[in-house]
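These are the residues of each chain, in order.
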Amino acid sequence: MKNSSFFVKSYGCQMNLYDSKKIVSILQSRGFKQNTRPEDADLVIFNTCNIRDKAAHKLYSDIGRVNKTKRDKTIAVVGCVAQAENSEMFNKNSSIDIVLGPQSYHLLPQMLLDLEKNPKQINTEFIVNEKFDYLSAQNKPQGISSFVTIQEGCDKFCSFCVVPFTRGPEYSRPIKSILQEVESLTINGAKEIVLLGQNVNAYEDLSSSKKSNIADLIQTISENEKVERIRYTTSHPINMSDELIKLHSTNEKLMPFLHLPVQSGSSRILKKMNRKYDKDFYRRIINKLKFVNPNIEISSDFIVGYPGETDRDFYETIDLIEELKFTQSFSFIFSPRPGTKSATQNDKTPLSIKKERLLILQQKLKDIQFNFNKEFIGKKLKVLVENQSSSNPAYYFGRSPFMQAVYIKASNIKAGELVNANISSCNHKNLYASC
Ligand code: SF4
């Protein structure tokens, strides 16, 4: 094979980070060596995200930068931008050699070989079951906290989102293959399993007569003695079943933290977004979760300045944030994506107003997060230690049950341990502790 070293750059969500790790593992198993700098690699892979306009633009400027360093590289664009832009990518930038959709990157080694016959290679088919089959044979150690994809794709068609077009319809991975991957990860030291999916709580295993949902899957994984903690992301409010909610009170390994995107606190805007729930529905889900487990903390996603969002709609979102006290969140200004319904909607709100709204919303979220972190000063928190700092070995990094990043000063702990950390200080992002 002509390429002997590679570099991967990942854009966007956790699913992409997970996919990039799998790409690394596929290529290493074929004898490729990973490089940390694109200029030193023969093959440069961009694993792309198409959720926001910025990420897609960044891709083309990154390709330009790589081209300046050395011309005879192979450039592969994989992921959601590849799926959305398809063969058009070759016209936009002639240095691209491979275009590969997110459901078929397991075909990358073969496409590299085929480049000798045909200098432009493309595959954007939805062959997700084949990808899962292939990947279950590629299990590699990831770390103390390890991701496992259990579901891909989306049938919800929110009016602002490209995922149903780039990742295809909802598909759940067979439970047997998931449990094999979990077993292999725990043998290699994983203590926390994070189940991943675009609509992770829509998971439904149809591969056997006993149809298993995500609650069944979490319960089964928790019976593995080597697993200490379980998380799942990203969930959709309409798929929060009573069974899954109840599991947050009965399963101690299921962490009391849930990422549940609401997007807006205005029912009028939620309808325009085709989110399939209103504010009261969302509030009821959170109240049910807090009823079964009063310790549970929620994080969310917010889109500010959706077409037609008025001041009143925006302040309904602020009120919901104040009411439900989200302790970690992601928030962005609406970015129209080609091919989605909202890209064609009339949007009269000036960008300056949207920016102002985003600042107000982010300050509110930051204050809530800071106040939440402050509550732990002087208290003990159970932290799963993930690694020792390479720049300052006196410090270890871990996560609390509520996903807070905790930096622990200690000399007698190691990665993989669950420790009782004494929290001494914090800022809005991190907790600082000793042990
Ligand atoms: S639920 Fe909506 S936002 Fe989430 S992936 Fe599906 S279409 Fe996109």
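Predicted model only: the values in this text are computed from it and were never measured. (Residues numbered from 1 in each chain as written. Predicted model: local features only at pLDDT ≥ 70, side-chain atom pairs only at ≥ 80, totals over all residues.)

## Quick notes on the overall build of the protein chain
Part 1: A count of helices and strands for the protein chain gives 14 helices and 21 strands.
Part 2: Taking 22 Å as the expected radius of gyration for a compact globule of 435 residues, we find that the protein chain reaches 22 Å, a close match to that expectation.
Part 3: Referenced to the eigenvectors of the C-alpha coordinate spread, the extents of the protein chain come out at roughly 60 × 60 × 50 Å.
Part 4: Counting the 435 residues in the protein chain, one finds 44% classified as buried.
Part 5: Long-range pairs, those at least 24 residues apart, make up 73% of the contacts in the protein chain between residues at least 6 apart in sequence. (Helix = DSSP H or I, 4+ residues; strand = E, 2+ residues; numbered from the N terminus. Rg over C-alpha atoms; globule rule 2.2 N^0.38 Å. Buried ≥ 20, exposed ≤ 12 C-beta atoms within 10 Å, placed from the backbone. Contact = placed C-beta atoms within 7 Å.)

## Structural notes on the domain arrangement of the protein chain
Part 1: Its domain assignment divides the protein chain into domain 1 (5-125), domain 2 (129-372) and domain 3 (380-434).
Part 2: A straight line from the C-alpha centre of domain 2 to that of domain 3 covers 25 Å.
Part 3: Sort the elements by how many residues they give to the side of domain 2 that touches domain 3 and helix α14 (residues 351-374) lands first, with three residues. (Domains from an automatic or database assignment.)

## Focus on the pairing of strand β21 (residues 430-434)
Part 1: Across the two faces of β21 the burial differs, with Leu431 and Ala433 buried and Asn430, Tyr432 and Ser434 not buried at all.
Part 2: Pairing of strand β19 (residues 405-409) with β21, which is carried by five bridges, proceeds in the parallel orientation. Within β21, the position partnered with alanine 405 by the bridge is asparagine 430.
Part 3: Note: strand β20 (residues 418-426) against β21, four bridges, orientation antiparallel. From the neighbouring strand, asparagine 422 faces β21, where its bridge partner is serine 434.
Part 4: Between β20 and β21, which follow one another and run antiparallel, lie three residues. (Pairing = 2+ DSSP bridges.)

## Details of the environment of serine 300
Part 1: Relative to the helices and strands, serine 300 resides in strand β15 (residues 297-304).
Part 2: Considered as a pair, serine 300 and aspartate 114 are 186 residues apart in the sequence and their alpha carbons are 43 Å apart.
Part 3: In this structure serine 300 touches Leu260, Pro261, Val262, Phe326 and Ser329, once residues within four positions along its chain are discounted.

## A closer look at the sheet that holds β20
Part 1: The mixed closed barrel is built from five strands, whose spatial order is β17-β18-β19-β21-β20. Taken over all neighbouring pairs, the strand axes of this sheet differ in orientation by 50 degrees on average, direction set aside. (Axes fitted to C-alpha atoms, helices over the stretch in contact; angles between N-to-C directions.)

## Things to note about the environment of asparagine 224
Part 1: With respect to the helices and strands, the residue asparagine 224 is situated in the loop between α9 (214-222) and β13 (229-233).
Part 2: For the pair asparagine 224 and leucine 179, spaced 45 residues apart in the sequence, the C-alpha separation amounts to 9.5 Å.
Part 3: Contacts of asparagine 224, omitting those with residues within four sequence positions, involve Val182, Glu183 and Thr186.

## Thoughts on the sheet that holds strand β3 (residues 43-48)
Part 1: The strand order across the open sheet formed by six strands is β2-β1-β3-β4-β5-β6, and the pairing between neighbours is parallel. Among the strands making up the open sheet, the edge pair consists of β2 (33-34) and β6 (121-123).
Part 2: With two bridges joining them, strand β1 (residues 5-10) and β2 adopt parallel strand pairing. By the bridge assignment, phenylalanine 6 is partnered in β2 with glutamine 34.
Part 3: Contacting β1, β2, β3 and β4 (74-79), helix α1 (residues 14-29) runs over the sheet at an angle of about 175 degrees to β1.
Part 4: Packing against the sheet, helix α2 (residues 53-69) makes contact with β1, β3 and β4, and its axis sits at approximately 170 degrees to β3.

## Some points on the environment of lysine 288
Part 1: With respect to the element layout, lysine 288 can be found in helix α12 (residues 279-292).
Part 2: It is 8.7 Å that separates the C-alpha atoms of lysine 288 and lysine 246, two residues lying 42 residues apart in sequence.

## Details of the packing of helix α10 (residues 242-250) against α12
Part 1: Two elements in contact, α10 and α12, have axes separated by 8 Å at closest approach and are oriented at 30 degrees. Relative to α12, the element α10 lies roughly parallel. For the pair α10 and α12, the crossing hand works out as right-handed. Note on element contacts: α12 touches α10 through Lys288, Leu289 and Val292, opposite Ile245, Lys246, His248 and Ser249.
Part 2: The class makeup of the residues in the contact of α10 with α12 is three nonpolar, two polar and two charged. (Parallel < 35°, antiparallel > 145°, perpendicular 65-115°, else oblique. Left-handed = near helix turned anticlockwise from the far one by under 90°. Nonpolar A, V, L, I, M, F, W, Y, C, P; charged D, E, K, R; others polar.)

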